[in-house]
Amino acid sequence: MSLAQSGAEIVLRLDQITKRFGRLVANDAISLTLHRGEVLALLGENGAGKTTLMNILFGHYLADEGSVTAFGQPLPAGQPKAALAAGIGMVHQHFTLADQLTVLENITLGTESLWSLGRGRAAALAKVQGLSRDFGLAVDPLARIADLSVGERQRVEILKALYRDARILILDEPTAVLTPQEAEALFQTLRLATARGLSVIFISHKLHEVMGHSDTCVVLRHGRVVGQVATRDTDRRALAALMVGAEMTEATVAPGVPGPVRLSLTGVRAGPLRDLTLELRAGTITGLAGVSGNGQAALADLIGGALGPEAGEMRVDGAPVSRWTPRAALAAGVGRIPEDRHKTGTVADFTLAENAVLETYAQRFSKLGFIDWAAVRSHAMGLIAGYDVRCPGPEARIRLLSGGNMQKLILGRVMEETPGILIANQPVRGLDVGAIAYVHGRLVAARDAGAAVLLISEDLDEVMGLSDVIHVISEGRLSPAFARGALSQGELGLWMAGQGFEDAA
Amino acid sequence: MIEILISASFWAAVLRIASPLIFATMGELICERAGVLNLGIEGIMVIGAFAGWMAVYLGLPLWGGVAVAFGAGALFGLLHGVLVVPFGLSQHVVGLGVTLLATATAYFAYRLALPQVTSPPKIVPFQVWEVPVLSKIPLLGPALFAQTPLTYAAFACAGLVAFVLYRTPLGLALRAAGENPAALEAQGVSVTGVRIGAVMVGSGLMAVGGSFLTLSAFSSFFFEMVNGRGWICIALVVFGAWRPGKAVLGALLFAGFDALQIRLQQTPMGAVVPYQLFLMLPYVFSILALVVMSRRAQVPAALMVPYTKGER
């Protein structure tokens, strides 16, 4: 019998929560209930609306519609203080701790009147130590936060919530930053908490955690609840199907004509990447699917030259590379569409023209050590016309452009160099439909012109729709290459969740 | 040299010279611990020196003068705080602006109030108060316990600042505002309120430090009397690694070199060596000490970082 059927007290009820950001509906009429002693897992891909929902619950965001009821009392919207007072404690993905203060100071911060003369330190210390013991949260209350590991910091965040007598704990992707052992300890803590009548919501996109440690599972997709099931009545496959959507997307792009191998990695280790073997062929789009933070950034850096291989062999056009730097990569014909166009793709306060030649000004646009501004300008004009960049002109600061137009300029900057190897890292993130189609069209055109394209994306539809070959990355490991259409979305979802790898737990 | 170091008058002078530095350093330390660099310190010391002296000249008791100085400093602190905390303006630019404004205001008001004088008028400053019994201890007594009340107050003030910072919820909130303001705000405490409050109290202390010059060290107000002490205090905060105890130590060290150089000028060596070299001494040693001491210092993480609610 599940908790819902057992008639356990309902401690939290979300009713028809809707939140819009501009035209994007992040949460679409979401309702859910949490019972006393229950562990509820909120499951969904990135961008499904999980974090938005929890931020509404905790009062960081204001919902456009809907209401929250905690312990039978309506919760005033948009007030973290009210949520705290109602017994809701939230452990954010990014901790809110002051590094130079001690654990105890961080925990007691804001719990006492500012004007009291003493800090009641002894009593606070005793309470924290008691909580530590009761909930299995080992941490030295007198240590400075800066000296703690990530796992310990998370324990401090949980202690902070418990110290304020939280009855409902919300954890946003709590295991994203933990080692497997720390994650196991965390779930033990959560079990101790529910045994004492607390309730827990944890956000995750890791299927094995959800299956192993939750009572109820709510699946979100595109801001909607697409399934609410008792965990014991379901299995990974069903959850994966719910998470990524059952509908199959047909590959709409004609397959490429594979050419010679341009870049190969054999047994390469670099940063978080383990024993990586990968081939990028000319005339092929190689898709890399995976949940973000599993090593995609490191792989892009590796090919782009920002990260050198620590072990294994890397070959470009058959020749082993020795010193692999961004400059060597550029010289070898590697083009990059960076993941974050604001941070690493452009300089916001530079003009379009300046941004257009960021990578090539020294080689192609200088005369006797001076920049040839006339050539830069005409090059920029060419890009603007050729790649349909809507802007006031080459002298406009790039910060004024929409994401789509900024991306088109970056695209043009890369394509004009006719790269032999192109790394497109999240090339359409945050773009509207029209810009997405444009960028995809250009990627396919580059492939047809003979480039070896590596498409990194968290969007399975995008990877499946464009790629000739698909790899899945999970915890720094790379799956074997799958031909287009060889795996269903559900099967890819399982790989993304870490299943199928040789050393998978 | 040895004779100088074992004379009670030398150590008495060290404490005396350190007093205004301690007040102002504590003031700056409070500001920076809350996350706000206050370069208004030099000007605020000038306004404190002037306001305290003027109040006493116009008939207020000496402690009334100290209070007026504190109030004047807090007022300029409010100006600095409002500009840099809610409005998030550059703390460097606003601080230098406050210094220029406060200095000019003091000089202007002085000229306005006393247009005719050629030699600065005098008041009766704080007198030495010998602590009963303790001041009778040989050497130590006359050095430590025969000072003016404001010197005792300076050391008491440092103790109080340390107590508040480390032992009270208010101090905890203040340090959190300088380390991770978001963590403070998440617990329902206003970062803006804490920071502005800290800048006002800190500026008040800076002004009291300035008033020490007119109410205790000298008996009149004249131009250029603060003479860079404010800038020294900013260095002392760094030297002290943002800790009150170490900062007091730094102030004593600087004062020690200052007292020493005056006395060295009067030795036979002073007849040969140009006196400017002696004047340089405290600064040279301060720079050296700063280099050694501040290498591992922990800067408040959110120092000079404006806090905007709701931003990540």
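What you see is a predicted model; the values in this text were computed from it and never measured. Throughout, residues of each chain are indexed from 1 in the direction in which the sequence is written. Starting at A for chains and at 1 for ligands, labels are handed out in the order in which the entities are written. Local features in this predicted model are restricted to residues of pLDDT 70 or higher, and side-chain atom pairs are both shown and tallied only at a pLDDT of 80 or more, whereas totals for entire chains, interfaces and linings draw on every residue. Based on all heavy atoms of the structure, the side-chain values leave hydrogens and waters out of the count.

Enquirer: I'm lost on the overall build of chain B in this one. Help?
Expert: If you tally the helices and strands in chain B, you get 14 helices and two strands. Taken along its principal axes, the extent of the C-alpha atoms in chain B is 65 × 50 × 40 Å. Split into buried and exposed, the 312 residues of chain B put 54% on the buried side. Residue pairs in contact within chain B that sit at least 24 positions apart in sequence constitute 76% of those at least 6 positions apart. Under the convention used here, a 1.4 Å probe and the Shrake-Rupley method define accessible areas, while residue burial counts only the protein chains that appear. Accessible surface computed for chain B: about 13,800 Å², of which carbon and sulfur atoms make up 72%. The averaged location of the 10 negative side-chain charges in chain B is 6 Å from the averaged location of its 16 positive side-chain charges. Under the scheme used here, helices are H or I runs from DSSP no shorter than 4 residues and strands are E runs no shorter than 2 residues, and both carry numbers assigned from the N terminus. Buried, partly exposed and exposed residues are distinguished by accessible area as a fraction of the type maximum, computed with a 1.4 Å probe on protein chains only: under 20%, between the cut-offs, and over 50%, respectively. A contact between two residues is defined here by any heavy atoms of the two lying within 4.5 Å. Positive charge is attributed to Lys and Arg, negative charge to Asp and Glu, and no charge count is given to His or to the chain ends. Throughout, a charge is located at the NZ atom of Lys, the CZ atom of Arg, the CG atom of Asp or the CD atom of Glu.

Enquirer: What should I look at first to understand helix 11 (residues 229-239) of chain B in this one?
Expert: It helps to recall that an α-helix has 3.6 residues per turn; residues three or four apart then point in one direction. Residues and elements named next belong to chain B. Buried within helix 11 we find Gly230, Ile232, Cys233, Ile234, Leu236, Val237 and Phe239. Looking at the packing, one finds that the buried side of helix 11 touches helix 2 (8-33), helix 3 (41-57), helix 12 (244-265) and helix 14 (275-293). Just downstream of helix 11, alanine 241 is the residue with a positive phi angle, here 50 degrees.

Enquirer: Looking at this structure, I do not really get the sheet that holds strand 6 (residues 88-91) of chain A. What am I missing?
Expert: Within a sheet, adjacent strands bond to each other through the backbone by hydrogen bonds, running parallel or antiparallel. Residue and element names in this part refer to chain A. Strand pairing requires that DSSP identify at least two bridges connecting the strands. Overall, mixed pairing links the six strands, which are arranged 6-7-8-3-9-10 in an open sheet. This sheet does not close on itself; its edge strands, each paired only once, are strand 6 and strand 10 (224-230). Strand-to-strand, the axes of this sheet are offset by a mean angle of 15 degrees, without reference to chain direction. Here strand 7 (residues 168-171) pairs with strand 8 (residues 199-204) via four bridges, running parallel. In the strand pairing of strand 8, leucine 171 is matched with phenylalanine 202. For helices, the fitted line uses only the C-alpha atoms of the stretch in contact; every axis is such a line through C-alpha atoms, and the angle between N-to-C directions lies from 0 to 180 degrees.

Enquirer: Where do I start with the domain arrangement of chain A in this structure?
Expert: By a frequent convention, interface size equals the accessible area lost on bringing the separate parts together. All names here are of chain A. Assigned domains within chain A: domain 1 (10-244) and domain 2 (261-333 + 419-504). Each of domain 1 and domain 2 was reduced to a C-alpha centroid, and the two centroids are 34 Å apart. At the junction of the two partners, domain 1 supplies nine residues and domain 2 supplies nine residues. The buried area of a pairing is the accessible area, by a 1.4 Å probe, that goes missing from both parts when the two are put together, added over both. Around 860 Å² of area is buried between domain 1 and domain 2 when both sides are counted, 58% of it from carbon and sulfur atoms. By convention in these notes, a salt bridge is any Lys or Arg side-chain nitrogen within 4 Å of a carboxyl oxygen on Asp or Glu. For the pair domain 1 and domain 2, the number of links is zero salt bridges. Here a polar contact is recorded for every N or O atom pair within 3.5 Å, except that within protein the pair must consist of a potential hydrogen donor and a potential acceptor, and residues adjacent in sequence are included only if both atoms are side-chain atoms. Linking domain 1 with domain 2 are zero residue pairs in polar contact (both at pLDDT 80 or more). Only helix 8 (207-213) and helix 9 (236-244) provide two or more residues apiece to the side of domain 1 that touches domain 2. Here the side of domain 1 that touches domain 2 takes four residues from helix 9, the largest share from any one element. Domain delimitation in this document rests on an assignment produced automatically or drawn from a domain database.

Enquirer: Would you explain the pairing of strand 6 of chain A in this entry?
Expert: All names here are of chain A. Alternating positions in strand 6 separate into two faces, Ile88 and Met90 on one and Gly89 and Val91 on the other, with burial throughout. Summarising the sheet, strand 6 and strand 7 pair through four bridges and their orientation is parallel. Paired with valine 91 across the bridge in strand 7 is leucine 171.

Enquirer: Sorry, what's going on with the interface of chain B and chain A here?
Expert: Contact with chain B, which involves 20 residues of that partner, is made by 24 residues of chain A. Between chain B and chain A, the buried area comes to about 2,000 Å², and carbon and sulfur atoms account for 62% of it. At the junction of chain B and chain A, the tally comes to one salt bridge. Here chain B and chain A share three residue pairs in polar contact (both at pLDDT 80 or more) between them.

Enquirer: Where do I start with the confidence of the model for chain B in this structure?
Expert: Segments scoring low in pLDDT should not have their predicted coordinates read at a detailed level. The predicted model of chain B averages 91 in pLDDT, with 99% of residues at 70 or higher. What the predictor reports for the complex is a pTM of 0.72 with an ipTM of 0.78. Each residue carries a pLDDT value, the predictor's own confidence for that position, ranging from 0 to 100.

Enquirer: Explain the UniProt feature "transmembrane region" (unreviewed entry) in chain B to me, please; I cannot follow it from the model alone.
Expert: All names here are of chain B. UniProt positions are given in the numbering used here, feature names are shortened, and annotations may be inferred rather than shown by experiment. Per the UniProt annotation, the sites labelled "transmembrane region" (unreviewed entry) are residues 36-60, 67-87, 93-113, 144-166, 196-218 and 275-294. Annotated as residues 36-60, this span is 68% helix and 0% strand, and its ends, taken at the C-alpha atoms, are 33 Å apart. Taken end to end, residues 196-218 is 96% helix and 0% strand, and its first and last C-alpha atoms sit 32 Å apart.

Enquirer: I would appreciate a short explanation of the nonpolar core in the present structure.
Expert: The nonpolar side chains of soluble globular proteins are, as a tendency, buried together. Here, nonpolar core means buried Ala, Val, Leu, Ile, Met, Phe, Trp, Tyr and Cys residues that are tied together by side-chain atoms lying within 4.5 Å of each other. Formed by 92 residues in total, the largest nonpolar core has its most connected members in Ile22, Met26, Val161, Leu184 and Phe221 of chain B. The dominant element in this core, judged by the number of residues it contributes, is helix 2 of chain B, at 13 residues. In contact with leucine 184 of chain B, not counting residues within four places along its chain, are Leu109 of chain A together with Ala173, Ala176, Ala177, Val189, Val191 and Val194 of chain B. Membership of the second largest hydrophobic core comes to 45 residues, among which are Leu104, Leu131, Val156 and Leu190 of chain A.

Enquirer: Help me understand the pairing of strand 20 (residues 452-457) of chain A in this model?
Expert: A regular strand carries its side chains on alternate faces of the sheet. All names here are of chain A. Counting buried residues along strand 20, six of its six residues qualify, which places the element largely inside the surrounding structure. Of the two faces of strand 20, the one lined by Ala452, Leu454 and Ile456 and the one lined by Val453, Leu455 and Ser457 are each fully buried. Looking at chain direction, strand 13 (residues 284-289) and strand 20 are connected through six bridges and run parallel. Of the residues in strand 20, the one forming a bridge with threonine 286 is leucine 454. As judged from the five bridges shared by strand 19 (residues 421-425) and strand 20, these two strands associate in the parallel manner. Counterpart to isoleucine 421 in the pairing with strand 20 is alanine 452.

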